[in-house]
Amino acid sequence: MRAHIDTEPSKAERSEKRSMKLVVLGATGGTGLEIVRQAIERGHSITALVRSPDRLNPFRGRITVEQGDLLNSAELEKVIRGHDAVLSGFGPRVPISKADAHLRQQFAGALTSAMRRAGVRRVVIESVAFLFKNSVLPPAYLLGRLFFSGTIADTSAMERVLEESELDWTIVRPPELTDKPYTGKYRAREDHLPRFGFKISRADVADFMIRVVEDRRADVADFMIKVVEDRSSIRKIVGVSN
Ligand SMILES: NC(=O)c1ccc[n+]([C@@H]2O[C@H](COP(=O)([O-])OP(=O)(O)OC[C@H]3O[C@@H](n4cnc5c(N)ncnc54)[C@H](OP(=O)(O)O)[C@@H]3O)[C@@H](O)[C@H]2O)c1
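Note that this is a predicted model, so its numbers are computed, not measured.

What counts, and where the lines are drawn
Residues numbered from 1 in each chain as written. Predicted model: local features only at pLDDT ≥ 70, side-chain atom pairs only at ≥ 80, totals over all residues. Helix = DSSP H or I, 4+ residues; strand = E, 2+ residues; numbered from the N terminus. Buried ≥ 20, exposed ≤ 12 C-beta atoms within 10 Å, placed from the backbone. Contact = placed C-beta atoms within 7 Å. Arc of directions from axis to C-beta. pLDDT = per-residue confidence, 0-100. Core = buried A, V, L, I, M, F, W, Y, C linked by C-beta atoms within 7 Å. Axes fitted to C-alpha atoms, helices over the stretch in contact; angles between N-to-C directions. Parallel < 35°, antiparallel > 145°, perpendicular 65-115°, else oblique. Left-handed = near helix turned anticlockwise from the far one by under 90°. Nonpolar A, V, L, I, M, F, W, Y, C, P; charged D, E, K, R; others polar. Near = placed C-beta within 6 Å.

1. Description of the overall build of the protein chain
Next, step 1: A tally of helices and strands in the protein chain yields 8 helices and 10 strands.
Next, step 2: For the protein chain, the residues scored as buried account for 43% of the 242 residues in total.
Next, step 3: At a minimum sequence separation of 6, the contacts of the protein chain that also span at least 24 residues come to 69%.

2. Re helix α3 (residues 73-80)
Next, step 1: Taken together, the buried positions of α3 are L76, V79 and I80. One side of α3 carries all its buried residues, which in axial view fall inside an arc of 90 degrees.
Next, step 2: On the buried face of α3, the contacting elements are β1 (21-25), β2 (45-50), β3 (64-67), β4 (85-88) and α4 (103-118).
Next, step 3: Positioned one or two residues after α3, G82 has a phi angle of 85 degrees, which is positive.

3. Thoughts on the confidence of the model for the protein chain
Next, step 1: Residues of the protein chain with pLDDT of at least 70 account for 86%, and the chain-wide mean is 90.
Next, step 2: Between residues 1-15, whose pLDDT stays under 50, and residues either more than four places distant or in other chains, the model counts 12 contacts.

4. Section: the nonpolar core
Next, step 1: Counting 54 residues, the largest nonpolar core has L22, V24, V86, L87 and M209 as its most contacted members.
Next, step 2: For this core, the element with the highest residue contribution is helix α7 (residues 202-214), accounting for 8 residues.
Next, step 3: What M209 contacts, discounting residues up to four positions off in sequence, is I35, L87, V124, E126 and V172.

5. Observations regarding the environment of R195
Next, step 1: Assignment of secondary structure puts R195 in the loop between β8 (187-190) and β9 (199-201).
Next, step 2: On the basis of neighbour count, R195 is assigned to the partly exposed category, with 13 C-beta atoms found within 10 Å.
Next, step 3: On a C-alpha basis, the gap between R195 and G239 in space is 10.0 Å, while along the polypeptide they are 44 residues apart.

6. Comments concerning the packing of α3 against α4
Next, step 1: Contact geometry for α3 and α4: axes closest at 8 Å, N-to-C directions at 45 degrees. As judged from the angle between their axes, α3 and α4 are oblique. Here the hand of the crossing between α3 and α4 comes out right-handed. Within the contact between the two elements, α3 uses S73, L76, E77 and I80 and α4 uses A110, L111, S113, A114, M115, R117 and A118.
Next, step 2: Residues belonging to the contact of α3 with α4 are distributed by class as follows: 7 nonpolar, 2 polar and 2 charged.

7. Remarks on the site of the ligand
Next, step 1: Near the ligand lie 23 residues; those nearest to it are T28, G29, G30, T31 and G91.
Next, step 2: Elements with a contribution of two residues or more to the shell around the ligand: α2 (30-41) and β7 (176-178).
Next, step 3: Looking at which element gives the most residues to the shell around the ligand, the answer is α2, with 3 residues.
Next, step 4: Within the shell around the ligand, the residues separate by chemical class into 8 nonpolar, 9 polar and 6 charged.

This is the structure in structure tokens:
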């Protein structure tokens with residue numbers, strides 16, 4: 001049962017669109033580009049730290065692009081300082097090379113210490129649904145163990161680093177990502193992959209991640225199909241799917 005909430009935001013608070021200063025990591029990737037595009041539309045101010053700035057040329061003049069090393073904690077700290085939150089669609093390019101076997105874990109280590117030093121607490125990070133051991137249909141963990149054991153190991157390590165940090169994290173775990181358009185018709189469930197949740201578009205994942213970071217609690221709770229006890233997404237793992 002959902003707990004009673006006496007801190008529910010007022011109507012005015014709910015409709016207010018607060019512009020945030022967001023750092024987007026993995027901004028040149030499939031989900032990252034969608035986060036950037038949608039966050040601009042929602043009036044947020046965006047800084048992206050990337051290794052290949054040219055990929056963000058379509059957004060030239062509308063966002064701040066910094067070139068640098070996403071595994072370097074000092075570089076991350078410099079970029080993140082003064083922002084409200086970090087959104088990450090970072091992940092190894094596929095096929096995953098041997099050199100990238102521990103990329104997510106390294107990234108999480110660099111990011112969490114950079115955020116601590118920069119004094120920025122809020123982070124929403126994209127992970128993978130393979131980590132849901134309780135998912136029956138699809139059998140996410142089994143499929144992951146059989147075909148993507150390296151991904152399971154590295155994303156588990158990444159999540160552990162986040163969980164052990166003092167940060168206000170939300171981990172978003174999608175199943176197979178598609179490049180289909182935004183629908184807004186997806187499901188989100190705390191600690192579970194929604195039933196029969198086989199796919200979701202990157203655009204819908206981006207939408208969810210932005211909503212979560214905006215922390216419009218009533219909004220987020222609606223998406224979480226009545227499973228969020230306190231309506232907060234902080235320190236929660238959430239499965240999202242179509
Ligand atoms: N593919 C799926 O079906 C699926 C399903 C569930 C979850 N996921 C996870 O969801 C996340 C987003 O996936 P996606 O397919 O949208 O992302 P993607 O298109 O593969 O983009 C990955 C992003 O990470 C960046 N990146 C990778 N290695 C880097 C490095 N060493 N240094 C700096 N930047 C680096 C890439 O930058 P460049 O542009 O410079 O390469 C790019 O911006 C990933 O963590 C992925 O594992 C994927």
